[in-house]
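Observations on chain architecture
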Amino acid sequence: MTDRYLDIALTRRGVHCTAKLLTDRAPLTCAAVWDALPLEGDVYHAKYARNEIYALFPPFAAEEPPLENPTVTPIPGDLCYFTFNGTQLGSQAYGYGSGSGVAAGATTVDLALFYERNNLLLNGDVGWVPGIVWGQVVEGLDAMAEAANDLWRAGALGETLTFRRA
């Protein structure tokens, strides 16, 4: 199979990076995401996992991928896939408002980009939260990390995270 690449962008900030899909390590997850592209959603900066930006989507795969190539310690440039049910993200502490798609009984897919070191996927409400590592940024991580840090400091309101075929 030929290598597949994504363009990932923070639209308003005009920053993007390129990631390679890890089809050898997470083939089912890569296929699910690739077939659903392009994807775009409001960007969030993590509260608990530290150096992570992500967007939430309704399920887009015919069947959610199994936990292939899992991690609880993502490294800079990792793309992770998470599946949550509404009760896992429904607490007011998370801050997802109406229109976010997060609701009791609803499944939510979280596509995340980790941009710096020292991440630990441990949530005080639910414990360990392993993610599927399905891609790795191969170009533009420094600019994306700078923009992601700006999201943390200046806010993410009005910004979107996009995933497109490169």
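Here goes a summary of the coordinates provided. (Residues numbered from 1 in each chain as written. Predicted model: local features only at pLDDT ≥ 70, side-chain atom pairs only at ≥ 80, totals over all residues. Heavy atoms only, no water.)

1. As for the overall build of the protein chain
- The helix and strand inventory of the protein chain stands at three helices and eleven strands.
- Listing each helix as α and each strand as β along the protein chain from the N terminus yields β-β-α-β-β-β-β-α-β-β-β-β-α-β.
- Residues classed as buried in the protein chain amount to 48% of the 166 residues present.
- Sequence separation of at least 24 residues holds for 79% of the intrachain contacts in the protein chain that already meet a minimum separation of 6.
- Looking at the protein chain as shown, the accessible area adds up to about 8400 Å², and 50% of this sits on carbon and sulfur atoms. (Helix = DSSP H or I, 4+ residues; strand = E, 2+ residues; numbered from the N terminus. Buried < 20%, exposed > 50% of the residue type's maximum accessible area, 1.4 Å probe, protein only. Contact = heavy atoms within 4.5 Å. Areas by Shrake-Rupley, 256 points an atom, 1.4 Å probe, with all protein chains shown as cover.)

2. Things to note about the pattern of salt bridges
- Counted according to the given criterion, the structure contains three salt bridges.
- The salt bridge partner of D150 is R13, with a shortest N-O separation of 3.0 Å. Here the residue D150 occupies a position in helix α3 (residues 141-154), and R13 occupies one in the loop between β1 (5-10) and β2 (15-21), the gap between them amounting to 137 residues.
- D150 gets classed as partly exposed once you look at its relative accessible area, which sits at 34%.
- Measuring nitrogen to oxygen at the nearest pair gives 2.9 Å for the salt bridge that ties E159 to R13. Placement of E159 in the loop between α3 and β11 (160-165) and of R13 in the loop between β1 and β2 is noted, with a sequence separation of 146 residues between them. (Salt bridge = Lys/Arg side-chain N within 4 Å of Asp/Glu carboxyl O.)

3. Overview of the side chain of T71
- Residue position: T71 is located in strand β5 (residues 70-71).
- Since its relative accessible area comes to 14%, T71 is described here as buried.
- Within the structure, the side chain of T71 is placed 3.0 Å from the backbone nitrogen of T73, a separation counted as a polar contact. (Polar contact = N/O pair within 3.5 Å; in protein donor to acceptor, adjacent residues only side chain to side chain.)

4. As for the packing of aromatic side chains
- Tallied over the full model, the rule gives five aromatic pairs.
- Seen in terms of ring centroids, F57 and F163 are 6.5 Å apart; in terms of plane orientation they differ by 75°. Their pairing is edge-to-face. Within this pair, whereas F57 is found in strand β4 (residues 52-57), its partner F163 is found in strand β11, the two being separated by 106 residues in sequence. F163 shares its class with F57; the two are buried.
- Between F82 and F84 the ring centres are 5.9 Å apart and the planes differ by 15°, which places this aromatic pair in the stacked class.
- Judged by its relative accessible area of 12%, F84 falls in the buried class. (Phe/Tyr/Trp six-rings, centres within 6.5 Å; stacked < 30°, edge-to-face > 60°.)

5. Comments concerning α3
- Compared with an ideal rise of 1.5 Å per residue, which puts 14 residues at 20 Å, α3 spans 19 Å between its outermost C-alpha atoms and is within 8% of the ideal.
- Listing the buried residues of α3 in full gives L141, M144, A145, A147, A148 and L151. For α3, the angular spread of the buried residues around the axis is 165°, confining them to a single face. Residues of α3 that are exposed and point more than 90 degrees away from the buried face comprise D142, E146, R153 and A154.
- Note on α3: the residue one or two positions beyond its end, G155, has a positive phi of about 105°. (Expected span 1.5 Å × (residues − 1). Arc of directions from axis to C-beta.)

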